Amino acid sequence: MHNTTRRRVRKGDAWMHIPDPDRLDRLRRMRHISVRDLAAAAGWSSPSYMHRVLAGTVTSVTPDAATRIAAYLEMPIDVLFVPRIATVGAHEHRQAVAA
């Protein structure tokens, strides 16, 4: 289930970027899937996080959630998501931004 606690990004962490949240929402609506059902398919207990994904305020999800979403929408994962790997951790990123 979705954990609302933010986890610190560590170097080497993987996530899936969402380049076109509108595409996700169009596919969801075309297939008559509710936001609640898509959130549940992603493994999240609340639809609020999915609403943020579809609105574009959340720009990435875990690889597991991306896999579940793509499967539920019956789409290849690479059509909806782009894999990313953190090259620096959160601490190093804050230091670089502050410099």
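Residues numbered from 1 in each chain as written. Predicted model: local features only at pLDDT ≥ 70, side-chain atom pairs only at ≥ 80, totals over all residues. Heavy atoms only, no water.

**Q** I would appreciate a short explanation of the nonpolar core in the present structure.
**A** As a rule of thumb, nonpolar side chains are buried together in soluble globular proteins. Leu24, Trp44, Met50, Val53, Val61, Ile69 and Phe81 are the most contacted members of the largest nonpolar core, which has 23 residues in total. Elements that contribute at least two residues to this core include exactly α1 (21–30), α2 (35–42), α3 (48–55) and α4 (63–72). (Core = buried A, V, L, I, M, F, W, Y, C linked by side-chain atoms within 4.5 Å. Buried < 20%, exposed > 50% of the residue type's maximum accessible area, 1.4 Å probe, protein only. Helix = DSSP H or I, 4+ residues; strand = E, 2+ residues; numbered from the N terminus.)

**Q** Sorry, what's going on with the pattern of salt bridges here?
**A** Oppositely charged side chains can pair when the atoms bearing their charge come close. Taken as a whole, this structure holds 4 salt bridges when the rule is applied. Between Asp25 and Arg28 there is a salt bridge, with the nearest N and O atoms lying 2.8 Å from each other. A residue pair is termed a helical-turn pair when its members lie 3 or 4 positions apart in one helix, as Asp25 and Arg28 do in helix α1 at 3 residues. Neither residue differs from the other here; Asp25 and Arg28 are each classed as buried. Between Asp64 and Arg68 there is a salt bridge; the shortest N-O distance is 3.1 Å. Note that Asp64 and Arg68 are positioned in helix α4 at a spacing of 4 residues, about one turn of the helix. What makes Asp64 partly exposed here is its relative accessible area of 44%. Put simply, Asp25, Arg28 and Arg29 are held in one network by salt bridges that share partners. (Salt bridge = Lys/Arg side-chain N within 4 Å of Asp/Glu carboxyl O.)

**Q** Which parts of the structure should I look at to understand the sheet that holds strand β2 (residues 60–61)?
**A** Neighbouring strands of a sheet are bound in pairs by backbone hydrogen bonds; such pairs are parallel or else antiparallel. Within the open sheet, the 3 strands sit side by side as β2-β1-β3. Their pairing is antiparallel. Taken across any chain shown, the strands that pair with only one partner, and hence form the sheet edges, are β2 and β3 (82–85). Looking at chain direction, strand β1 (residues 14–17) and β2 are connected through 2 bridges and run antiparallel. Bridge pairing in β2 places Met16 opposite Val61. Against the sheet, α4 engages β1 and β2, with an angle of about 40° to β1. (Pairing = 2+ DSSP bridges. Contact = heavy atoms within 4.5 Å. Axes fitted to C-alpha atoms, helices over the stretch in contact; angles between N-to-C directions.)

**Q** Explanation requested: α4 in the structure shown.
**A** The periodicity of an α-helix, 3.6 residues per turn, causes residues three or four positions apart to be oriented the same way. When we look at burial in α4, the residues that qualify are Ala65, Ala66, Ile69 and Ala70. Projected down its long axis, α4 shows its buried positions confined to an angular sector of 130°, all on one face. Check the buried side of α4 and you find it contacts β1, α1, α2, α3, β2 and α5 (77–80). After α4 finishes, the residue Glu74 shows a positive phi value of roughly 55°. (Arc of directions from axis to C-beta.)

**Q** What should I look at first to understand α2 in this one?
**A** Where α2 is concerned, the buried positions are Val35, Leu38, Ala39, Ala41 and Ala42. End-on, the buried residues of α2 take up no more than an arc of 160°, which puts them together on one face. Where α2 terminates, the next one or two residues include Gly43, which has phi positive at roughly 100°.

**Q** Where do I start with the environment of Leu27 in this structure?
**A** Along the chain, the position of Leu27 falls in helix α1. For Leu27, a relative accessible area of 9% corresponds to the buried category. C-alpha separation for the pair Leu27 and Leu73, spaced 46 residues apart in sequence, amounts to 7.0 Å. If we ignore the near neighbours within four places in the chain, the residues touching Leu27 are Leu73, Met75 and Leu80.

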